[in-house]
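Here are the chains, one letter per residue:
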Amino acid sequence: MPEHVILSPGGCLRAAIESERPLQVVGTINAFSALLAVRAGFRAIYLSGAGVANASFGLPDLGLTTLSDVCEDVRRIVRATDLPILVDADTGWGGAFMIARTIRDLTQAGAAGCHLEDQVQAKRCGHRPGKELVSSEEMCDRIKAAVDARTDEQFVVMARTDAHAVEGPAAAIYRAQAYAAAGADMIFAEALTTLDEYREFTAALGDVPVLANLTEFGKTPLLSLEDLREAGVRLALYPLSAFRAMNQAAAQVYQTLRAEGTQRSVLPLMQTRAELYDVLNYESYEATLDALFARQKTHEQP
Ligand SMILES: C[C@](O)(C(=O)O)[C@H](CC(=O)O)C(=O)O
Ligand SMILES: [Mg+2]
């Protein structure tokens, strides 16, 4: 593609997938995390549904957050960074009309794509027991509704299948093929348990990009990029890695303050003021302000 073409967010995500194999997609719980991800050199970011529920609402990932809740977090992150963001749209929050609205609202919020999953509305985390699925036909209807509703034709509609844990690896592949045939651009193969399973999955999906979710403490081993590349995986997702680390650090700081009455021993866990300001580009804001005040002073002079 010529360089002067301005890509839509969806176009940017597709370009990122072409530029890196597999594309590392990293969860950013809020706008500041997104700035950190930019600094670290990522080409695409992710808004986790669990993250919205846990971090923005203090709730478990059990279908308790709404489209508006997610859009609000998307908007805040998108305002802070140019990186394309893939958004967790859970089950799409309803039937065909609602899914159409989900796609339009997410696009308007600035998302580059989203994934919809084949769980029932009372969804659960993909790595927990007790998941229930809708029929493959119902999921295909969700996908068709999403594809039809696209306003950014490059917006990525990714179908997630949770079938592996419920119906087994063969059924997961069978469903994923049906979802791709229904128009899904990419497939999120949730909670596979071995590299061989990814190999079989990607082989069965041909050119349709497959995402592996490398969420920690779940069902999937923490496979390396080399392994994933060799297995044909096109996107490697780390939805909550930074969030988990932040939480651990925060808990330690709170506990230490209570126990020791001072934060001295946990200072090494903290980002310094200088580092914070560097990420925020604080000095350039200050310079703008200084220049503005200097101008005002000149005007005030008789
Ligand atoms: C990817 C995921 O859907 C998310 O919301 O981030 C979760 C991640 C997790 O709970 O570890 C999932 O895999 O269901
Ligand atoms: Mg989720």
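Residues numbered from 1 in each chain as written. Chains lettered and ligands numbered in written order. Predicted model: local features only at pLDDT ≥ 70, side-chain atom pairs only at ≥ 80, totals over all residues. Heavy atoms only, no water.

> Looking at this model, I keep getting lost on helix α4 (residues 67-80). Mind explaining?
In an α-helix, one full turn covers 3.6 residues, which means residues spaced three or four apart are oriented alike. Between the first and last C-alpha of α4 there are 20 Å, a value that for 14 residues agrees with the 20 Å anticipated at 1.5 Å per step. Looking at the buried positions of α4, the neighbouring elements they touch are α2 (31-40), β2 (44-47), α3 (49-57), β3 (85-88) and α5 (96-109). (Helix = DSSP H or I, 4+ residues; strand = E, 2+ residues; numbered from the N terminus. Expected span 1.5 Å × (residues − 1). Contact = heavy atoms within 4.5 Å.)

> Hey, could you run me through the site of ligand 1 in this one?
For ligand 1, the set of nearby residues contains 16 residues, the closest of which are S48, G126, R160, E190 and T215. A distance of 2.8 Å is found between an oxygen atom of ligand 1 and a side-chain nitrogen or oxygen belonging to D88. With respect to ligand 1, the backbone of G126 contributes an N or O atom lying 2.7 Å from an oxygen atom. About the coverage of ligand 1: the protein hides 95% of its 340 Å² of free accessible area. Split by residue class, the shell around ligand 1 holds five nonpolar, six polar and five charged. (Near = heavy atom within 4 Å. Polar contact = N/O pair within 3.5 Å; in protein donor to acceptor, adjacent residues only side chain to side chain. Areas by Shrake-Rupley, 256 points an atom, 1.4 Å probe, with all protein chains shown as cover. Nonpolar A, V, L, I, M, F, W, Y, C, P; charged D, E, K, R; others polar.)

> Even after reading the chapter, I still don't get the UniProt feature "binding site: Mg(2+)" (unreviewed entry) in the protein, so can you show me in this structure?
Mapped onto the present numbering, the UniProt feature "binding site: Mg(2+)" (unreviewed entry) falls at D88 and D90. Tracing the chain through its elements places D88 in strand β3. Residues in contact with D88, not counting those within four places in the same chain, are Y46, L47, S48, G49, A50, V70, W93, H115 and E117. As for its placement among the helices and strands, D90 is situated in the loop between β3 and α5. In this structure D90 touches G49, T65, H115, L116, E117 and K123, once residues within four positions along its chain are discounted. (UniProt positions renumbered as here; feature names shortened; annotations may be inferred.)

> Got a minute to help me understand the sheet that holds strand β7 (residues 210-213) in this structure?
Strand pairing in a sheet takes place through backbone hydrogen bonds and is either antiparallel or parallel in direction. Spatially, eight strands are ordered β1-β2-β3-β4-β5-β6-β7-β8 in a closed barrel, and the strand pairing comes out parallel. For this sheet the average axis-to-axis angle between neighbouring strands, irrespective of direction, equals 25 degrees. As paired elements, strand β4 (residues 113-117) and strand β5 (residues 156-161) share five bridges and run parallel to each other. Residue pairing for β5: C114 is matched across the bridge by V157. (Pairing = 2+ DSSP bridges. Axes fitted to C-alpha atoms, helices over the stretch in contact; angles between N-to-C directions.)

> Help me understand the UniProt feature "binding site: substrate" (unreviewed entry) in the protein in this model?
On the UniProt side, "binding site: substrate" (unreviewed entry) is annotated at positions that read S48, G49, A50, C125, G126, R160, E190, N213, L214, T215, R244 and R273 here. Spatially, the listed residues are scattered: they cover 226 residues, and their C-alpha atoms lie as much as 40.4 Å apart. Note that C125 resides in the loop between β4 and α6 (136-148). Residue contacts for C125: discarding those within four places in its chain leaves D61, K131 and R160. Residue position: E190 is located in the loop between β6 (186-189) and α9 (195-205). Its relative accessible area of 2% is what places E190 among the buried residues. Discounting residues that sit within four places of it in the chain, E190 has contacts with G126, H127, K131, R160, T161, D162, H164 and N213. (Buried < 20%, exposed > 50% of the residue type's maximum accessible area, 1.4 Å probe, protein only.)

> For this particular structure, what's the right way to read the side chain of K131?
When you line up the elements, K131 lands in the loop between β4 and α6. Polar contacts involving the side chain of K131 include one to the main-chain carbonyl oxygen of G126, which spans 2.8 Å. Excluding anything up to four places from it in sequence, K131 contacts Q119, R124, C125, G126, D162, A165, V166 and E190.

> Honestly, the packing of α5 against α6 in this entry has me stumped. Any pointers?
When two helices pack together, their arrangement is captured by the angle between the axes and the distance separating the axes. Look at α5 against α6: their axes get within 8 Å of each other, and the N-to-C directions meet at 45 degrees. Our classification of the angle between α5 and α6 gives oblique. Note that α5 runs across α6; the crossing there is right-handed. The segment α5 lies against α6, with A96, I99, A100 and I103 engaging R142, A145 and A146. Taken together, the residues that form the contact of α5 with α6 break down as six nonpolar, no polar and one charged. (Parallel < 35°, antiparallel > 145°, perpendicular 65-115°, else oblique. Left-handed = near helix turned anticlockwise from the far one by under 90°.)

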